[in-house]
Amino acid sequence: MTGQPREVDVLIVGAGPAGLAAGAELAAADAGRVEILEREQEAGGIPRHCHHGGFGGRLDRSAYAWASAAGSAYARRGTTGPDFARRGVAAAVAAGAALRTGVTVTGWAGPRTVETTGPAGPEQITARAVILATGARERPRSARLIPGTRPPGVYTTGELQQAVHLYGLRIGTRAVVVGDEPVGHAAVATLRAAGVHVVAVVTDRTAPALRLRSPRVPLLTGATVTELTGRRRLSGVALRHHDGRTTTLRCDTVVLTGDFVPDHELARRGGIVLDPGTRGPAYDAAYRTSHPDVFVVGNLLHAVERAGYAAQEGRAVAVPVLHRLAGTEEAAGAGRRLVVDAPLRWIAPNVAGPDGARPVGDRFVLRTGRRLPRPLLVVSQDGRELHRQRLLSTAVPGRPFTLGAEWVDRVDPDGTDVRITAR
């Protein structure tokens, strides 16, 4: 059953911060019929169940400019995740974008045609341009290959926040949080709001990525989870320390945080080239992929950045999409790959476009696999140095750092891959 065929001008898959921002911007620019599809029953993405503050404020400087053009205080101080999500939805709908929730894209029926299923039954939707904004997800316990029994009480951060803030479920009494990235700190706040005692935050890093906001929560560095124990309910988390010691923390709840991966299944099934570093689609500063009519934005590209940054990318993709609709853009997939050397893990964007386009904020985002005190970043191509930049701070795993983009117009479009090294 192929479903009823329909046509739109721009189809956006995913109604998180990036997808909503793209829909608002394109609808306001009279791009034709702009339709946003969301598989959840409520739009807004991850911020819907992130009840802490800072969205759009100092902690998240790239606010929804299109949602706060009137100069609201929200843009200056920041707001909670649910309020941020509601404002994003309202802005997209007010601009004229059609928002459909409970609709899942199941595959492709052509280069610009997707297959969907939803309350109205199966459909085939053909668009002049498709934007993938499917976001990222945390890897669950099974993907992390943590041994032990399979008792209740094991969560990812997203599962925890949904259970507490959306469904009001009882979590447990004693919890261990695995991971000290910012999302791990959000998990601590959610647990404490639910009345759960946080036994410890555990990380296998020898130095913490962030200082815990609560001094009452112990931070155990250099510790690896070796086993989960318990039958009817989780009873403990076994650890191995870097010095060889082993301990077991008694708890009935464990939250596995961080370790995000792009939700790239739809991109992969569409034959879009993926970047081996980010594991999301390979893309240039104009958010073009290897397919000329498919654009990508948000945390599908770099798992993960703050919601405001994803929204800023959603706004930025409007210009290249409008050029594509008008037939005035450069060919997709015509740039040079950007490749990082270890210990760097990835760079985004990861393609230097043929037109010298610069990324949002005039910066590339990078991640490292180990701690780098004030590294010197060197950009080169075919033995020719294009740029060097000394970071004034330490680059740490799990935290983004940036590289200026003033060198992109010096890339030889006929040369080999561009390499970024850290010295």
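Because the structure is predicted, anything quoted here is derived from the model rather than measured.

Enquirer: Honestly, the overall build of the protein chain in this entry has me stumped. Any pointers?
Expert: Scanning the protein chain from N- to C-terminus turns up nine helices and 25 strands. Taken over the C-alpha trace, the protein chain has a radius of gyration of 22 Å; the compact-globule value for 423 residues is 22 Å, and the two agree within 12%. Here the protein chain holds 423 residues, and the buried ones make up 55% of them. Within the protein chain, counting contacts between residues at least 6 apart in sequence, those at least 24 apart form 63% of the total.

Enquirer: Explanation requested: helix 8 (residues 307-316) in the structure shown.
Expert: Owing to its 3.6 residues per turn, the α-helix brings residues three or four apart onto one side. In terms of residue burial, helix 8 counts as a mostly covered element, since eight of its ten residues are buried. Taken together, the buried positions of helix 8 are occupied by Ala307, Gly308, Tyr309, Ala310, Ala311, Glu313, Gly314 and Arg315. On its buried face, helix 8 is in contact with helix 1 (17-28), helix 3 (81-95), helix 9 (318-326) and strand 21 (363-368).

Enquirer: Help me understand the side chain of Arg141 in this model?
Expert: Tracing the backbone through its elements, the reader meets Arg141 in helix 4 (residues 141-144). Of the side chains with opposite charge, Glu227 lies nearest to the buried Arg141, which makes no salt bridge, at 7.8 Å. Residues contacting Arg141, with those up to four places away along its chain left out, are Ile146, Pro147, Gly148, Thr149, Arg150, Val154, Leu228 and Leu256.

Enquirer: Quick question: what am I supposed to make of the side chain of Glu138 here?
Expert: With respect to the helices, strands and loops of the structure, Glu138 is situated in strand 7 (residues 136-138). Buried Glu138, no salt bridge; nearest opposite-charge side chain is Arg144, N-O distance 4.6 Å. Among the polar contacts made by the side chain of Glu138, one reaches the side chain of Thr157 at a distance of 2.8 Å. At a separation of 3.2 Å, a polar atom in the side chain of Glu138 contacts the main-chain amide nitrogen of Gly158.

Enquirer: I would appreciate a short explanation of helix 1 in the present structure.
Expert: The end-to-end C-alpha distance of helix 1, which contains twelve residues, comes to 17 Å, matching closely the 16 Å that a straight helix rising 1.5 Å per residue would cover. In terms of residue burial, helix 1 counts as a mostly covered element, since ten of its twelve residues are buried. One or two positions beyond helix 1, positive phi appears at Asp30, with a value near 60°.

Enquirer: Explain the sheet that holds strand 23 (residues 384-390) here, please?
Expert: Hydrogen bonds between backbone atoms are what pair the strands of a sheet, whose relative direction is either parallel or antiparallel. Read from one edge to the other, the open sheet built from five strands follows the order 20-18-25-22-23, with strand pairing classed as mixed. Of all the strands in the sheet, the pair left with one neighbour each is strand 20 (351-352) and strand 23. Alignment of strand 18 (residues 336-340) against strand 25 (residues 418-422), held across three bridges, turns out to be parallel. Within strand 25, the residue paired with Val339 across the bridge is Arg419.

Enquirer: Explanation requested: the packing of aromatic side chains in the structure shown.
Expert: Both the distance between ring centres and the angle between the ring planes are used here to describe each pair of aromatic rings. Inspection of every chain in the model, using the stated rule, returns two aromatic pairs. Residues Tyr283 and Tyr287 carry aromatic rings whose centres are separated by 6.0 Å and whose planes lie at 15° to one another, so their mutual orientation is stacked. Pair check on accessibility: Tyr283 and Tyr287 agree, each one buried. With a centroid separation of 5.1 Å and 20° between ring planes, the pair formed by Phe364 and Trp407 is classed as stacked. You can see Phe364 sitting in strand 21 and its partner Trp407 sitting in the loop between strand 24 (401-404) and strand 25, a full 43 residues away along the chain. By relative accessible area, Phe364 is classed as buried at 2%. A relative accessible area of 0% means that Trp407 is categorised as buried.

Enquirer: Explanation requested: unusual backbone geometry in the structure shown.
Expert: Across residues other than glycine, the phi torsion is negative in most instances, and most of the peptide bonds are trans. Here the amide bond leading from Ala342 into Pro343 is cis, since omega sits at 10°, within 30 degrees of zero. Checked against the element boundaries, Pro343 lands in the loop between strand 18 and strand 19 (344-348). Put simply, Ala348 and Pro349 share a cis peptide bond, and its omega is -5°. Even without being a glycine, Leu145 presents a positive backbone phi close to 60°.

Enquirer: So what exactly am I meant to see when it comes to the environment of Leu37 here?
Expert: Following the sequence through the fold, Leu37 ends up in strand 2 (residues 34-38). Under the relative-accessibility criterion, Leu37 is labelled buried at 2%. C-alpha of Leu37 to C-alpha of Ala127: the two residues are 90 residues apart in sequence and 13 Å apart in space.

Enquirer: Explain the environment of Arg337 to me, please; I cannot follow it from the model alone.
Expert: Inspection of the secondary structure puts Arg337 in strand 18. Counting along the chain gives 80 residues from Arg337 to Asp417, while the straight-line C-alpha distance between them is 5.0 Å. If sequence neighbours within four positions are ignored, Arg337 has contacts with Pro276, Asn350, Val351, Asp417 and Val418. In terms of polar contacts, Arg337 uses its side chain to reach the side chain of Asp417, at 2.9 Å.

Cut-offs used in this document
- Numbers given to residues run from 1 along each chain, matching the order in which its sequence is written.
- Where totals are concerned, whole chains, interfaces and linings use all residues; where local detail is concerned, this predicted model gives features only for residues with pLDDT of at least 70, and gives and counts side-chain atom pairs only at 80 or more.
- Values shown for side chains rest on all heavy atoms present in the structure; no hydrogens or waters enter the calculation.
- What counts as a helix is a DSSP run of H or I of at least four residues, what counts as a strand is a run of E of at least two, and both are numbered from the N terminus.
- Here the radius of gyration uses the C-alpha set of atoms, whereas the globule reference equals 2.2 Å times the residue count to the power 0.38.
- We call a residue buried when its accessible area falls under 20% of the maximum for its residue type, exposed when it is over 50%, and partly exposed in between, using a 1.4 Å probe and counting protein chains only.
- Every residue pair with non-hydrogen atoms within 4.5 Å of one another is taken to be in contact.
- Within this scheme the basic residues Lys and Arg register as positive and the acidic residues Asp and Glu register as negative, but His and the chain ends are omitted.
- The term salt bridge refers to a side-chain nitrogen of Lys or Arg lying within 4 Å of a carboxyl oxygen of Asp or Glu.
- Counting of polar contacts relies on pairs of N or O atoms within 3.5 Å, with two restrictions inside protein: one atom must be capable of donating a hydrogen and the other of accepting it, and residues adjacent in sequence are counted only when both atoms are side-chain atoms.
- Here a helix's expected span is defined as the number of its residues, less one, multiplied by 1.5 Å.
- Pairs of strands are assigned from DSSP output, requiring at least two bridges between the strands.
- In this scheme Phe, Tyr and Trp rings, the latter by its six-membered ring, pair at centre separations within 6.5 Å, and the angle between planes marks the pair as stacked below 30 degrees, edge-to-face above 60, and tilted otherwise.

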